[in-house]
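Structural features, examined
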Amino acid sequence: MNRKCNGLLQSDYESAVTNRGNLARIKELFGRARRGERLTLGFLGGSITQGFCASRPELCYAGRVYDWWKTAFPQAEFVFRNAGIGATNSQFGCARAESDLLAYRPDFIVVEYAVNDASDQHCMETYEGLVRRLYTDSKKPALLLVHNMRYDDGASAERVHGRVARYYDLPAVSMRSSIYQALLEGRLENETVTPDELHPSDTGHELVASVITDFLERVLAEADCKEPEAVWKEQPLTQNAYEHSRRHQNDNCTPVLKGFAADPSEQDEITDIFKKGWTASEKGASIRFEVAGSCIGVQYRKTIQLPAPVAELILDGDEDRPFRLDANFDQTWGDKLELDTILEHGEDRVHSVEIRLTETHPGDKLPFYLVSVISG
(Lines give C-alpha, C1' and ligand atoms only; values in the text may rest on other atoms or scores of the structure.)
Protein backbone atom coordinates (compact mmCIF):
# COMPACT_ATOMS: atom_id res chain seq x y z
CA MET A 1 0.00 0.00 0.00
CA ASN A 2 1.22 3.51 -0.81
CA ARG A 3 1.16 5.09 2.63
CA LYS A 4 0.83 8.66 1.35
CA CYS A 5 -2.00 7.92 -1.10
CA ASN A 6 -4.49 7.17 1.65
CA GLY A 7 -3.64 10.23 3.73
CA LEU A 8 -1.44 8.45 6.25
CA LEU A 9 2.31 8.97 6.41
CA GLN A 10 4.93 6.48 7.47
CA SER A 11 5.27 8.49 10.67
CA ASP A 12 1.54 7.93 11.38
CA TYR A 13 2.03 4.18 11.23
CA GLU A 14 5.01 4.42 13.52
CA SER A 15 3.08 6.59 15.98
CA ALA A 16 0.16 4.15 15.88
CA VAL A 17 2.16 1.59 17.85
CA THR A 18 1.42 2.73 21.38
CA ASN A 19 2.92 -0.40 22.89
CA ARG A 20 5.24 -2.75 21.01
CA GLY A 21 4.75 -5.40 23.65
CA ASN A 22 6.15 -8.87 23.70
CA LEU A 23 5.94 -10.37 20.22
CA ALA A 24 6.88 -13.97 20.96
CA ARG A 25 3.39 -15.39 20.34
CA ILE A 26 2.86 -13.47 17.09
CA LYS A 27 6.28 -14.52 15.80
CA GLU A 28 5.58 -18.13 16.71
CA LEU A 29 2.29 -17.84 14.84
CA PHE A 30 4.07 -16.54 11.76
CA GLY A 31 6.31 -19.62 11.87
CA ARG A 32 3.27 -21.88 11.95
CA ALA A 33 1.70 -19.98 9.05
CA ARG A 34 4.89 -20.39 7.02
CA ARG A 35 4.70 -24.12 7.62
CA GLY A 36 1.20 -24.15 6.12
CA GLU A 37 -0.76 -24.92 9.27
CA ARG A 38 -4.47 -24.29 9.78
CA LEU A 39 -4.94 -21.18 11.95
CA THR A 40 -8.02 -19.47 13.37
CA LEU A 41 -8.17 -15.68 13.43
CA GLY A 42 -10.57 -14.18 15.98
CA PHE A 43 -11.89 -10.65 16.42
CA LEU A 44 -13.74 -9.52 19.55
CA GLY A 45 -15.25 -6.08 20.01
CA GLY A 46 -18.19 -3.79 19.37
CA SER A 47 -19.88 -2.34 16.31
CA ILE A 48 -16.66 -1.32 14.54
CA THR A 49 -15.44 -4.91 14.73
CA GLN A 50 -18.85 -6.20 13.66
CA GLY A 51 -18.49 -3.97 10.61
CA PHE A 52 -21.06 -1.20 10.96
CA CYS A 53 -21.01 1.21 7.98
CA ALA A 54 -18.94 -1.15 5.83
CA SER A 55 -20.85 -1.76 2.60
CA ARG A 56 -20.07 -5.49 2.72
CA PRO A 57 -18.93 -7.67 5.64
CA GLU A 58 -15.64 -8.53 3.96
CA LEU A 59 -14.78 -4.81 3.71
CA CYS A 60 -14.77 -4.20 7.46
CA TYR A 61 -11.34 -3.91 9.08
CA ALA A 62 -11.52 -7.47 10.46
CA GLY A 63 -12.23 -8.90 7.01
CA ARG A 64 -9.35 -6.90 5.53
CA VAL A 65 -6.93 -8.13 8.21
CA TYR A 66 -8.08 -11.67 7.45
CA ASP A 67 -7.27 -11.00 3.77
CA TRP A 68 -3.80 -9.81 4.75
CA TRP A 69 -3.06 -13.11 6.47
CA LYS A 70 -4.24 -15.09 3.44
CA THR A 71 -2.09 -12.99 1.10
CA ALA A 72 0.99 -13.06 3.35
CA PHE A 73 0.79 -16.84 3.87
CA PRO A 74 -0.89 -18.46 0.85
CA GLN A 75 0.41 -21.86 1.92
CA ALA A 76 -1.60 -21.77 5.18
CA GLU A 77 -5.30 -22.34 5.80
CA PHE A 78 -7.18 -19.69 7.79
CA VAL A 79 -10.49 -19.77 9.62
CA PHE A 80 -12.13 -16.38 10.23
CA ARG A 81 -14.23 -15.77 13.35
CA ASN A 82 -15.72 -12.29 13.77
CA ALA A 83 -17.22 -12.06 17.27
CA GLY A 84 -18.02 -8.34 17.15
CA ILE A 85 -21.42 -7.27 18.52
CA GLY A 86 -22.54 -3.66 18.23
CA ALA A 87 -23.26 -1.48 21.27
CA THR A 88 -21.55 -3.88 23.70
CA ASN A 89 -18.58 -3.40 26.01
CA SER A 90 -15.75 -5.42 27.52
CA GLN A 91 -17.88 -6.36 30.54
CA PHE A 92 -20.15 -8.32 28.21
CA GLY A 93 -17.14 -9.40 26.16
CA CYS A 94 -15.66 -11.05 29.22
CA ALA A 95 -18.88 -12.97 29.92
CA ARG A 96 -19.19 -14.24 26.33
CA ALA A 97 -15.51 -14.75 25.49
CA GLU A 98 -15.68 -18.51 25.98
CA SER A 99 -18.88 -19.23 24.06
CA ASP A 100 -18.43 -16.71 21.24
CA LEU A 101 -14.70 -16.95 20.60
CA LEU A 102 -12.52 -19.24 22.73
CA ALA A 103 -14.72 -22.24 21.95
CA TYR A 104 -13.46 -21.91 18.35
CA ARG A 105 -9.84 -22.23 19.51
CA PRO A 106 -8.42 -19.01 17.99
CA ASP A 107 -4.69 -18.69 17.42
CA PHE A 108 -4.74 -14.92 16.93
CA ILE A 109 -7.15 -12.46 18.58
CA VAL A 110 -7.76 -8.77 17.96
CA VAL A 111 -9.51 -7.06 20.89
CA GLU A 112 -11.35 -3.77 20.22
CA TYR A 113 -13.44 -2.03 22.90
CA ALA A 114 -11.97 1.48 23.26
CA VAL A 115 -15.08 3.19 21.87
CA ASN A 116 -17.66 1.15 23.78
CA ASP A 117 -15.88 1.24 27.14
CA ALA A 118 -15.76 4.33 29.34
CA SER A 119 -12.41 5.72 30.40
CA ASP A 120 -12.86 4.77 34.04
CA GLN A 121 -11.75 2.28 36.68
CA HIS A 122 -14.72 -0.02 36.09
CA CYS A 123 -13.89 -0.48 32.41
CA MET A 124 -10.20 -0.86 33.11
CA GLU A 125 -11.16 -3.76 35.37
CA THR A 126 -13.57 -5.39 32.91
CA TYR A 127 -11.05 -4.96 30.09
CA GLU A 128 -8.28 -6.47 32.20
CA GLY A 129 -10.55 -9.41 33.03
CA LEU A 130 -11.18 -9.96 29.34
CA VAL A 131 -7.48 -9.73 28.42
CA ARG A 132 -6.55 -12.18 31.17
CA ARG A 133 -9.26 -14.64 30.13
CA LEU A 134 -8.13 -14.59 26.50
CA TYR A 135 -4.39 -14.64 27.07
CA THR A 136 -4.45 -17.50 29.59
CA ASP A 137 -6.58 -19.75 27.39
CA SER A 138 -5.03 -23.18 26.90
CA LYS A 139 -4.52 -22.47 23.17
CA LYS A 140 -2.16 -19.58 24.08
CA PRO A 141 -3.47 -17.19 21.43
CA ALA A 142 -1.46 -14.19 20.27
CA LEU A 143 -3.27 -10.98 21.24
CA LEU A 144 -3.26 -7.59 19.52
CA LEU A 145 -5.10 -4.76 21.27
CA VAL A 146 -6.69 -2.15 18.99
CA HIS A 147 -7.75 1.29 20.22
CA ASN A 148 -10.42 2.94 18.08
CA MET A 149 -11.96 6.30 18.96
CA ARG A 150 -14.64 8.82 18.08
CA TYR A 151 -13.63 11.03 15.18
CA ASP A 152 -15.47 14.17 16.29
CA ASP A 153 -13.78 14.61 19.66
CA GLY A 154 -11.22 11.78 19.92
CA ALA A 155 -12.99 10.17 22.89
CA SER A 156 -11.99 6.62 23.77
CA ALA A 157 -10.96 4.37 26.63
CA GLU A 158 -7.39 4.19 25.36
CA ARG A 159 -6.01 5.76 28.54
CA VAL A 160 -7.19 2.89 30.76
CA HIS A 161 -6.89 0.18 28.10
CA GLY A 162 -3.34 1.31 27.45
CA ARG A 163 -2.46 0.75 31.09
CA VAL A 164 -3.56 -2.87 30.74
CA ALA A 165 -1.54 -3.27 27.53
CA ARG A 166 1.62 -1.93 29.17
CA TYR A 167 1.15 -3.90 32.38
CA TYR A 168 0.93 -7.22 30.52
CA ASP A 169 3.44 -6.20 27.82
CA LEU A 170 0.93 -6.74 25.01
CA PRO A 171 1.14 -5.12 21.56
CA ALA A 172 -1.33 -2.29 20.99
CA VAL A 173 -2.07 0.06 18.10
CA SER A 174 -4.06 3.29 18.20
CA MET A 175 -6.19 5.17 15.68
CA ARG A 176 -5.91 8.33 17.79
CA SER A 177 -2.20 8.76 17.06
CA SER A 178 -2.55 7.75 13.41
CA ILE A 179 -5.87 8.32 11.62
CA TYR A 180 -7.13 10.99 14.03
CA GLN A 181 -3.84 12.85 13.82
CA ALA A 182 -4.17 12.94 10.03
CA LEU A 183 -7.67 14.38 10.45
CA LEU A 184 -6.42 17.07 12.82
CA GLU A 185 -3.70 18.03 10.37
CA GLY A 186 -6.12 18.17 7.43
CA ARG A 187 -4.56 15.29 5.53
CA LEU A 188 -7.86 13.39 5.79
CA GLU A 189 -11.46 14.62 5.84
CA ASN A 190 -13.90 13.28 8.43
CA GLU A 191 -16.52 12.41 5.82
CA THR A 192 -13.94 10.28 4.03
CA VAL A 193 -13.25 8.24 7.15
CA THR A 194 -16.66 8.03 8.81
CA PRO A 195 -20.27 8.88 7.96
CA ASP A 196 -21.30 9.37 11.59
CA GLU A 197 -18.11 10.42 13.43
CA LEU A 198 -17.83 6.95 14.94
CA HIS A 199 -18.11 4.01 12.57
CA PRO A 200 -15.59 3.84 9.72
CA SER A 201 -16.76 3.91 6.12
CA ASP A 202 -15.25 1.45 3.64
CA THR A 203 -12.31 3.83 3.37
CA GLY A 204 -12.16 4.19 7.14
CA HIS A 205 -12.16 0.43 7.65
CA GLU A 206 -9.35 0.19 5.09
CA LEU A 207 -7.37 2.75 7.08
CA VAL A 208 -7.95 0.93 10.38
CA ALA A 209 -6.91 -2.35 8.76
CA SER A 210 -3.79 -0.71 7.29
CA VAL A 211 -2.68 0.40 10.76
CA ILE A 212 -3.04 -3.17 12.01
CA THR A 213 -1.41 -4.84 9.01
CA ASP A 214 1.45 -2.34 8.94
CA PHE A 215 2.24 -3.42 12.49
CA LEU A 216 2.00 -7.09 11.52
CA GLU A 217 4.33 -6.47 8.56
CA ARG A 218 6.87 -4.91 10.92
CA VAL A 219 6.72 -7.96 13.17
CA LEU A 220 6.97 -10.26 10.17
CA ALA A 221 10.12 -8.46 9.03
CA GLU A 222 11.79 -9.41 12.30
CA ALA A 223 10.06 -12.76 12.79
CA ASP A 224 13.35 -14.66 12.57
CA CYS A 225 14.62 -12.75 15.61
CA LYS A 226 13.12 -14.90 18.32
CA GLU A 227 12.27 -13.54 21.74
CA PRO A 228 11.18 -15.27 24.92
CA GLU A 229 7.54 -14.97 25.88
CA ALA A 230 6.84 -12.38 28.58
CA VAL A 231 6.57 -13.66 32.13
CA TRP A 232 2.87 -13.69 32.96
CA LYS A 233 1.82 -11.45 35.83
CA GLU A 234 -0.37 -13.45 38.15
CA GLN A 235 -1.11 -10.37 40.25
CA PRO A 236 -3.74 -8.30 38.43
CA LEU A 237 -3.62 -4.55 38.01
CA THR A 238 -7.18 -4.09 39.34
CA GLN A 239 -9.40 -6.08 41.68
CA ASN A 240 -10.12 -8.24 38.62
CA ALA A 241 -13.58 -9.45 39.61
CA TYR A 242 -14.74 -10.03 36.03
CA GLU A 243 -12.24 -12.48 34.57
CA HIS A 244 -14.45 -15.51 35.22
CA SER A 245 -17.83 -13.92 34.51
CA ARG A 246 -20.69 -16.22 33.57
CA ARG A 247 -23.95 -15.57 31.70
CA HIS A 248 -27.14 -17.14 33.04
CA GLN A 249 -29.60 -17.79 30.20
CA ASN A 250 -32.46 -20.19 29.61
CA ASP A 251 -30.17 -22.87 28.15
CA ASN A 252 -28.00 -23.15 31.27
CA CYS A 253 -30.12 -22.28 34.32
CA THR A 254 -33.63 -22.71 35.71
CA PRO A 255 -34.84 -19.62 37.58
CA VAL A 256 -38.17 -19.51 39.41
CA LEU A 257 -40.79 -18.17 36.99
CA LYS A 258 -44.06 -16.44 37.86
CA GLY A 259 -45.48 -14.92 34.71
CA PHE A 260 -42.17 -14.94 32.81
CA ALA A 261 -41.65 -17.53 30.05
CA ALA A 262 -38.47 -18.82 28.42
CA ASP A 263 -37.98 -17.75 24.80
CA PRO A 264 -37.85 -21.02 22.79
CA SER A 265 -36.67 -19.50 19.49
CA GLU A 266 -33.30 -20.48 18.08
CA GLN A 267 -30.37 -18.07 17.92
CA ASP A 268 -29.12 -17.88 14.33
CA GLU A 269 -25.82 -16.10 15.08
CA ILE A 270 -24.19 -14.22 17.94
CA THR A 271 -25.49 -10.87 16.68
CA ASP A 272 -29.02 -12.26 17.11
CA ILE A 273 -28.84 -10.88 20.64
CA PHE A 274 -32.42 -11.10 21.91
CA LYS A 275 -32.47 -14.86 22.32
CA LYS A 276 -32.11 -17.46 25.10
CA GLY A 277 -33.87 -15.15 27.55
CA TRP A 278 -37.27 -14.73 29.19
CA THR A 279 -40.26 -12.53 28.42
CA ALA A 280 -43.20 -11.12 30.35
CA SER A 281 -46.05 -8.76 29.53
CA GLU A 282 -48.25 -8.69 32.63
CA LYS A 283 -47.64 -6.35 35.55
CA GLY A 284 -46.58 -8.34 38.61
CA ALA A 285 -44.78 -11.08 36.68
CA SER A 286 -41.50 -12.09 38.32
CA ILE A 287 -38.40 -14.20 37.80
CA ARG A 288 -35.87 -15.13 40.49
CA PHE A 289 -32.26 -16.34 40.21
CA GLU A 290 -29.67 -17.58 42.66
CA VAL A 291 -26.21 -16.62 41.36
CA ALA A 292 -22.74 -16.78 42.91
CA GLY A 293 -20.14 -14.04 42.80
CA SER A 294 -19.19 -10.56 43.97
CA CYS A 295 -20.31 -8.69 40.82
CA ILE A 296 -23.73 -8.95 39.15
CA GLY A 297 -25.07 -7.44 35.94
CA VAL A 298 -28.39 -7.75 34.15
CA GLN A 299 -29.02 -7.62 30.39
CA TYR A 300 -32.37 -6.67 28.93
CA ARG A 301 -33.84 -5.15 25.79
CA LYS A 302 -34.31 -1.41 25.53
CA THR A 303 -36.58 -0.80 22.58
CA ILE A 304 -37.43 2.12 20.31
CA GLN A 305 -40.95 0.67 19.93
CA LEU A 306 -42.60 2.80 22.59
CA PRO A 307 -44.19 2.56 25.04
CA ALA A 308 -42.39 -0.34 26.66
CA PRO A 309 -42.66 -2.10 30.04
CA VAL A 310 -40.63 -1.20 33.10
CA ALA A 311 -39.30 -3.65 35.67
CA GLU A 312 -37.46 -3.48 38.97
CA LEU A 313 -34.70 -5.70 40.28
CA ILE A 314 -34.52 -6.66 43.94
CA LEU A 315 -31.10 -7.83 45.11
CA ASP A 316 -30.94 -10.12 48.14
CA GLY A 317 -34.48 -9.21 49.17
CA ASP A 318 -33.69 -5.52 49.74
CA GLU A 319 -37.09 -4.04 48.88
CA ASP A 320 -35.98 -0.55 49.95
CA ARG A 321 -33.38 -0.26 47.17
CA PRO A 322 -34.84 -1.58 43.93
CA PHE A 323 -33.00 -1.13 40.61
CA ARG A 324 -35.14 0.28 37.80
CA LEU A 325 -34.97 -1.57 34.46
CA ASP A 326 -36.67 0.71 31.93
CA ALA A 327 -37.15 -0.90 28.52
CA ASN A 328 -37.99 2.46 26.85
CA PHE A 329 -35.07 3.53 24.65
CA ASP A 330 -34.75 7.23 23.80
CA GLN A 331 -32.54 6.73 20.73
CA THR A 332 -33.60 6.00 17.15
CA TRP A 333 -30.90 3.70 15.75
CA GLY A 334 -32.49 0.47 16.99
CA ASP A 335 -33.12 -1.72 19.99
CA LYS A 336 -30.22 -2.01 22.43
CA LEU A 337 -28.92 -4.85 24.56
CA GLU A 338 -28.66 -2.93 27.82
CA LEU A 339 -26.24 -4.08 30.53
CA ASP A 340 -26.70 -2.61 34.01
CA THR A 341 -24.22 -3.33 36.78
CA ILE A 342 -26.22 -4.18 39.89
CA LEU A 343 -23.44 -5.20 42.28
CA GLU A 344 -19.72 -4.55 42.10
CA HIS A 345 -17.18 -5.85 44.63
CA GLY A 346 -19.88 -7.02 46.99
CA GLU A 347 -19.72 -10.08 49.19
CA ASP A 348 -18.53 -13.12 47.24
CA ARG A 349 -21.39 -15.53 47.86
CA VAL A 350 -24.69 -16.71 46.44
CA HIS A 351 -27.05 -13.80 45.84
CA SER A 352 -30.77 -13.64 45.15
CA VAL A 353 -31.78 -11.66 42.06
CA GLU A 354 -35.51 -11.09 41.55
CA ILE A 355 -36.95 -9.10 38.64
CA ARG A 356 -40.56 -7.92 38.69
CA LEU A 357 -42.61 -6.19 36.03
CA THR A 358 -43.89 -3.00 37.67
CA GLU A 359 -45.24 -0.94 34.77
CA THR A 360 -47.05 -1.96 31.59
CA HIS A 361 -49.17 -0.03 29.10
CA PRO A 362 -52.09 -0.96 26.85
CA GLY A 363 -50.03 0.13 23.84
CA ASP A 364 -46.89 -1.90 24.63
CA LYS A 365 -45.71 -3.32 21.32
CA LEU A 366 -43.18 -5.75 22.80
CA PRO A 367 -42.95 -7.69 26.05
CA PHE A 368 -40.18 -7.04 28.55
CA TYR A 369 -37.22 -9.17 27.44
CA LEU A 370 -34.68 -10.29 30.04
CA VAL A 371 -31.67 -11.57 28.11
CA SER A 372 -29.37 -12.74 30.91
CA VAL A 373 -27.99 -12.27 34.37
CA ILE A 374 -24.19 -12.08 34.52
CA SER A 375 -22.25 -12.96 37.65
CA GLY A 376 -18.54 -12.90 38.39
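The rules behind these values
- Residues numbered from 1 in each chain as written.
- Predicted model: local features only at pLDDT ≥ 70, side-chain atom pairs only at ≥ 80, totals over all residues.
- Heavy atoms only, no water.
- Helix = DSSP H or I, 4+ residues; strand = E, 2+ residues; numbered from the N terminus.
- Rg over C-alpha atoms; globule rule 2.2 N^0.38 Å.
- Buried < 20%, exposed > 50% of the residue type's maximum accessible area, 1.4 Å probe, protein only.
- Contact = heavy atoms within 4.5 Å.
- Areas by Shrake-Rupley, 256 points an atom, 1.4 Å probe, with all protein chains shown as cover.
- Lys, Arg positive; Asp, Glu negative; His and termini not counted.
- Charge placed at Lys NZ, Arg CZ, Asp CG, Glu CD.
- Salt bridge = Lys/Arg side-chain N within 4 Å of Asp/Glu carboxyl O.
- Phe/Tyr/Trp six-rings, centres within 6.5 Å; stacked < 30°, edge-to-face > 60°.
- Pairing = 2+ DSSP bridges.
- Axes fitted to C-alpha atoms, helices over the stretch in contact; angles between N-to-C directions.
- Left-handed = near helix turned anticlockwise from the far one by under 90°.
- Nonpolar A, V, L, I, M, F, W, Y, C, P; charged D, E, K, R; others polar.
- Core = buried A, V, L, I, M, F, W, Y, C linked by side-chain atoms within 4.5 Å.

**Notes on the overall build of the protein**
Assigned secondary structure in the protein consists of ten helices and 17 strands. In terms of C-alpha radius of gyration, the protein reaches 22 Å, essentially the compact-globule figure of 21 Å for 376 residues. Dimensions of the protein, computed from C-alpha atoms along their principal axes, come out at roughly 65 × 45 × 35 Å. Here the protein, with 376 residues, has 56% of them falling under the buried criterion. Of the contacts formed within the protein by residues at least 6 apart in sequence, a portion of 82% connects residues at least 24 apart. Surface accessibility of the protein: about 15700 Å² in total, with carbon and sulfur atoms responsible for 47%. Side chains of the protein give 43 positive and 59 negative charges; the mean places of these two sets differ by 4 Å.

**Some words on the pattern of salt bridges**
In the structure shown here, the tally under the stated rule is 32 salt bridges. Its salt-bridge partner being Asp 137, residue Arg 105 comes within 3.5 Å of it at the nearest N-O pair. Here Arg 105 is found in the loop between helix 5 (90-100) and strand 4 (108-112), whereas its partner Asp 137 is found in the loop between helix 6 (121-135) and strand 5 (142-147), with 32 residues between them in sequence. The class for Asp 137 is buried, based on a relative accessible area of 12%. When the shortest N-O distance is used, the salt bridge between Asp 214 and Arg 218 registers 2.7 Å.

**Re the packing of aromatic side chains**
Within this structure, the stated rule accounts for 19 aromatic pairs. Each ring, one from Tyr 168 and one from Trp 232, has its centre 4.8 Å from the other, and the planes form 20°; the classification is stacked. On the criterion of sequence distance, the pair formed by Tyr 168 in the loop between helix 7 (158-167) and strand 6 (172-174) and Trp 232 in the loop between helix 10 (202-221) and strand 7 (246-248) is long-range, its members being 64 residues apart. Judged by relative accessible area, which is 21%, Trp 232 ranks as partly exposed. Ring centres of Phe 274 and Tyr 369 lie 6.4 Å apart, and the angle between their planes is 65°; on these two criteria the pair is classed as edge-to-face. Here Tyr 369 lies in strand 17 (residues 368-375) and Phe 274 lies in the loop between strand 9 (261-262) and strand 10 (278-280), a separation of 95 residues in the sequence.

**Description of the sheet that holds strand 16 (residues 349-359)**
What links the strands of a sheet is backbone hydrogen bonding, and the strands pair in either a parallel or an antiparallel sense. Ordered in space as 8-11-16-13-14, the five strands form an open sheet in which the pairing is antiparallel. Two strands lie at the open edges of the sheet, namely strand 8 (256-258) and strand 14 (323-326), each paired on one side alone. Averaged over all neighbouring strand pairs, the angle between strand axes comes to 25°, with direction disregarded.

**Topic: the packing of helix 4 (residues 61-72) against helix 10**
Direction vectors running N to C along helix 4 and helix 10 enclose 35°, while the axes themselves pass 8 Å from each other. Seen along the crossing, helix 4 lies across helix 10 with a hand that is right-handed. In this structure, helix 4 uses Tyr 61, Arg 64, Val 65, Trp 68 and Trp 69 to contact helix 10, whose residues at the interface are Asp 202, His 205, Glu 206, Val 208, Ala 209, Ile 212, Thr 213, Leu 216, Glu 217 and Leu 220. A per-class count over the contact of helix 4 with helix 10 returns nine nonpolar, two polar and four charged.

**A look at the nonpolar core**
Residues Tyr 61, Trp 69 and Ile 179 are the most contacted members of the largest nonpolar core, which totals 47 residues. Contributing elements (two or more residues each) for this core: helix 1 (10-16), helix 2 (24-34), strand 2 (38-45), helix 4, strand 4, strand 5, helix 8 (179-184) and helix 10. Looking at which element gives the most residues to this core, the answer is helix 10, with eight residues. In this view, Trp 69 contacts Leu 29, Phe 30, Leu 41, Phe 78, Phe 108 and Leu 216; residues no more than four positions away in its chain are not counted. Counting 38 residues, the second-largest nonpolar core is a separate cluster that includes Ala 157, Ala 241, Leu 337 and Tyr 369.

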